[in-house]
Every structure is written in structure tokens, then in C-alpha cells.
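Descriptive structure summary
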Amino acid sequence: MRKLRIWLEDRLGTVPIFTFLRKKDVPQHKHSFLYYTGSSILLFLGIQIVTGIMLALYYQPTLKEANASVARIMTEVPLGWIIRSIHSWSSSFMIALVMIHLLGIMLTKAYRSPREATWMSGVFLLVISMLFGFTGYLLPWDDLSLSATKVGTDIPNIIPVVGAWVTKFLRGGEDVTGDTLTRFFIFHVCVLPLMIFLILAVHIFLVQKHGMSIPLEAERKKEKVKALPFWPNFVLRESVAWMVLLGVILTVAVILAPSLGPGADLMAPAPEGIKPEWYFLFLFQTLKIFPAKVFFVTGEALAVLAIFLVVAFLFFLPLIDTRSLEKKGKIITWLTYAFLFYAGAMTVWSLL
Ligand code: HEM
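Here we summarise the structure given alongside this text. (Residues numbered from 1 in each chain as written. Predicted model: local features only at pLDDT ≥ 70, side-chain atom pairs only at ≥ 80, totals over all residues. Heavy atoms only, no water.)

**Describing the pattern of salt bridges**
A complete count under the given rule lists 7 salt bridges for this structure. Its salt-bridge partner being R112, residue D321 comes within 3.0 Å of it at the nearest N-O pair. Of this pair, D321 sits in the loop between α13 (299–320) and α14 (330–351) while R112 sits in the loop between α5 (80–108) and α6 (116–138), and the two are 209 residues apart along the sequence. Note on R112: relative accessible area 1%, which makes it buried. Look at D321 and you get buried, because its relative accessible area is 5%. Each of R112, D321 and R323 takes part in a single network of salt bridges with overlapping partners. (Salt bridge = Lys/Arg side-chain N within 4 Å of Asp/Glu carboxyl O. Helix = DSSP H or I, 4+ residues; strand = E, 2+ residues; numbered from the N terminus. Buried < 20%, exposed > 50% of the residue type's maximum accessible area, 1.4 Å probe, protein only.)

Take a look at the structure:
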């Protein structure tokens, strides 16, 4: 074994990586639970890859077969129902954790220098994670998923100049059809995975390069923060978190397996109560509450503009709040709470 290890180390040049990991420390303080969010997202991403590949072995992305192949996965393929359920629940858990990860970093101001690029790559990861959810929603091809995709892909249409083109590009034509299904499948299993791997590699590299942030008070008082060796202590604690999360996801997936509606009919009118996934509800409700017209502009166009501005604000946040790490940044803290309150209220409103 020793000879094999040395042979591999010589060929792969892994010695500096393991030396780095052995020396790496993780600060311990009252916010250190936030450090577990990033690795927990990785767990759910891993689950998505494994269960996604298993589903793709049986799923058929065609107008005729999509719904029937999902029905077969649920009723005929051994353990297919639980694999589908885990895939569906794990996507929700992953997006919830990405949001908690982002909000935690906003509150602790860990996006400030030198972690600006880490944050910006994170905003891309958030958008990609949500696009995974959006494209995956259509794949079972039932009446609700078809209608929700019609509504969702119609939104870019509101944007002047490029909007109509974006809608047509997403749909592969004027309307949502079998061509949209083919496109969404390719985005879901090919384009988005490639993008997430690429950006995640940059994100993780930057996290390693800059080390973990410490609380603002410690920065202010130039205090030395207690630290835990990454290997094996922190990894052991992370493994415990992973085991608990695995237990939770398995339990939820067994008890609450997702249903499947009847195959979508392109000619049928939209069913009652079209709703996107829970993480899009606050955006969906935002689009609804704008008045039909404000002066010469449609309310929907204003809502899309507002959402776009919030995403741009998020992306450029480290360039807007450029204060040094020891400053409190109360405005951003309040903005984070205000956003949380708004998103929560809009979600509940939409559900009601
Ligand atoms: C697929 C999604 C994501 C994955 C897998 C991921 C993964 C990670 C991991 C493993 C860490 C180190 C441990 C930790 O702090 O939790 C980390 C740190 C960080 N992430 Fe993410 N992340 C994702 C999304 C995001 C998003 C959406 C943002 C913000 C827009 C973000 C910004 C950051 C920052 C600034 C750090 C450094 C935190 C510090 O030093 O305290 N990440 N991420």
C-alpha cells in the first residue's frame, strides 16, 4: 500500500494538497455552524447527481414517453419511486440550504474583501441551482408542469428588445411543445451540470485560498479565534451532519413521495391553481401584485425590472459594501431581514 501511495503521489503531485489539508484549520465561534451549510449543499448536490443518473437510465424525454416513463419509474422499476422521491426532495433541501448559506454570509459580512469573487461565484451557483429546479419541473410532463413552464418561459417576453428571443430560445419555438421538453432535458442533464461543476471548482478553490472568515467582533478586537483542525476533527463533525441529513431526507422521501399528474395535453386549457416550486413562489407573487399598468409601462415589466435589480444588487454587493471587515454593516443586516420577511410573507400569501 505504501509503495502504491508513493507511486501515485509522484505521478499526481498530490503531496502539497494533502499537506495543505492537514494544516488547514476551521475557526470555532458562535457562527461556526454556518460552515456546515456549504458542505451540506455538496452532500445534496452529490445525491442529485447519483439519483439523477439513475433516473436518466429509464426516463425518456419525448412527448409520447416522458410522462409514461416517469410512471414506469414509479411503479415498475425496482425502488424507482424512492429514487424519484429522493431526487425531488434533495433538490428542495439543496436550494433551501443555498439560501441559508447566502443569508448567513450576508449577515456575517463574509462577502467583504478578500472574498468578493467567492461571493460572486456563489450568486451564479444560486441562479444555476434554481434553473435546475425550473428545468427539472417540466420533465415529468404532466398538466401542472406544462402550465407552470408556459408561465415561467413567458416572463422573459416582457423584457424589451431581447425578451422575445429569450422566450423563443427557451421554448425552441413560439410555444411550449415537445421541442421545449428536449431543450429542458439537455439543459438539466448537460448544460447546467457542466456550469455548476466549473463554477463550483472556482468557488471551492477561492474558499481554500482565502480561508474561512471569522466574526466581525474578533476582527475588530484583533482577537485570536479558537480553531479546529480540518482533518480529521472538522471532517468528522461534518460527517455527523451528513448522516443526520441523510436520515432526514430518506425519512421525508419515504413518507411524502411526489405524485404524478396525467400526461400533459398541449391543447387542453391551463388547469386551476398553477403553482411553481416553493422557492419561486415569492417571485410568482411579486409578479402578481404589481398593478396592470404604471404610467406607460406594464406592471409585469416593472416587476421583472425590480427582480433584475435585486439580483444585480446581490451580485455586486461586495463592490457596494466595501467597508473593512471590522465594520458592522447594519444596513445590510436590516436589508437581509427585510428581504427574509418579504420573501416569507409573499410565499405564505401565494400559498393561501
Ligand atoms: C451550489 C451552491 C454552493 C455550494 C456547493 C457552496 C459551497 C461552499 C463551501 C463548501 C464553502 C466553505 C464552507 C462554508 O462556509 O460553508 C463555501 C463558502 C462560501 N460561499 Fe458557498 N456554496 C454555494 C453557494 C453559494 C452562494 C449562493 C453564495 C453567495 C452568493 C456563496 C458564497 C460563499 C462565501 C462568501 C463563502 C466564504 C464564507 C466564509 O469564509 O465564511 N456560496 N461555499
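**Quick notes on the side chain of S91**
Tracing the chain through its elements places S91 in helix α5. The class for S91 is buried, based on a relative accessible area of 16%. Within the structure, S91 has its side chain in polar contact with the backbone oxygen of S88 (distance 2.7 Å). (Polar contact = N/O pair within 3.5 Å; in protein donor to acceptor, adjacent residues only side chain to side chain.)

**Quick look at the site of the ligand**
In the vicinity of the ligand, 26 residues are found, and the nearest of them are G38, H101, G122, H203 and S213. With respect to the ligand, the side chain of S213 contributes an N or O atom lying 2.6 Å from an oxygen atom. Of all the secondary-structure elements, those providing two or more residues to the shell around the ligand are α3 (35–56), α5, α6 and α9 (178–210). Counted by class, the shell around the ligand contains 16 nonpolar, 9 polar and 1 charged residues. (Near = heavy atom within 4 Å. Nonpolar A, V, L, I, M, F, W, Y, C, P; charged D, E, K, R; others polar.)

**Notes on the layout of surface pockets**
Here the second largest pocket is characterised by a volume of approximately 1300 Å³. Broken down by secondary-structure element, the contributors of at least two residues to the lining of the second largest pocket are α3, α4 (66–75), α5, α6, α7 (143–154) and α9. When residues in the lining of the second largest pocket are grouped by element, the largest group, 9 residues, is from α5. (1 Å grid on protein atoms, 1.4 Å probe; cavity = no way out; pocket = protein on both sides within 12 Å on 5 of 7 lines; lining within 4 Å. Points joined across faces, edges and corners; volume = space filled by probe spheres on them.)

**Quick word on the packing of aromatic side chains**
Counted according to the given criterion, the structure contains 17 aromatic pairs. The interplanar angle of 50 degrees and the centroid separation of 6.3 Å between the aromatic rings of F184 and F187 together place this pair among those described as tilted. Linking F184 with F187, this pair stays in helix α9, spanning 3 residues, or about one helical turn. F187 shares its class with F184; the two are buried. Of the aromatic side chains, those joined through ring pairs into one cluster are F134, W165, F169, F184, F187, W278, Y279 and F280. When the ring centre of F230 is taken as origin, the NZ or CZ atom of K24, which lies over that ring, is 5.0 Å away. (Phe/Tyr/Trp six-rings, centres within 6.5 Å; stacked < 30°, edge-to-face > 60°. Lys NZ or Arg CZ within 6 Å of the ring centre and 35° of its normal.)

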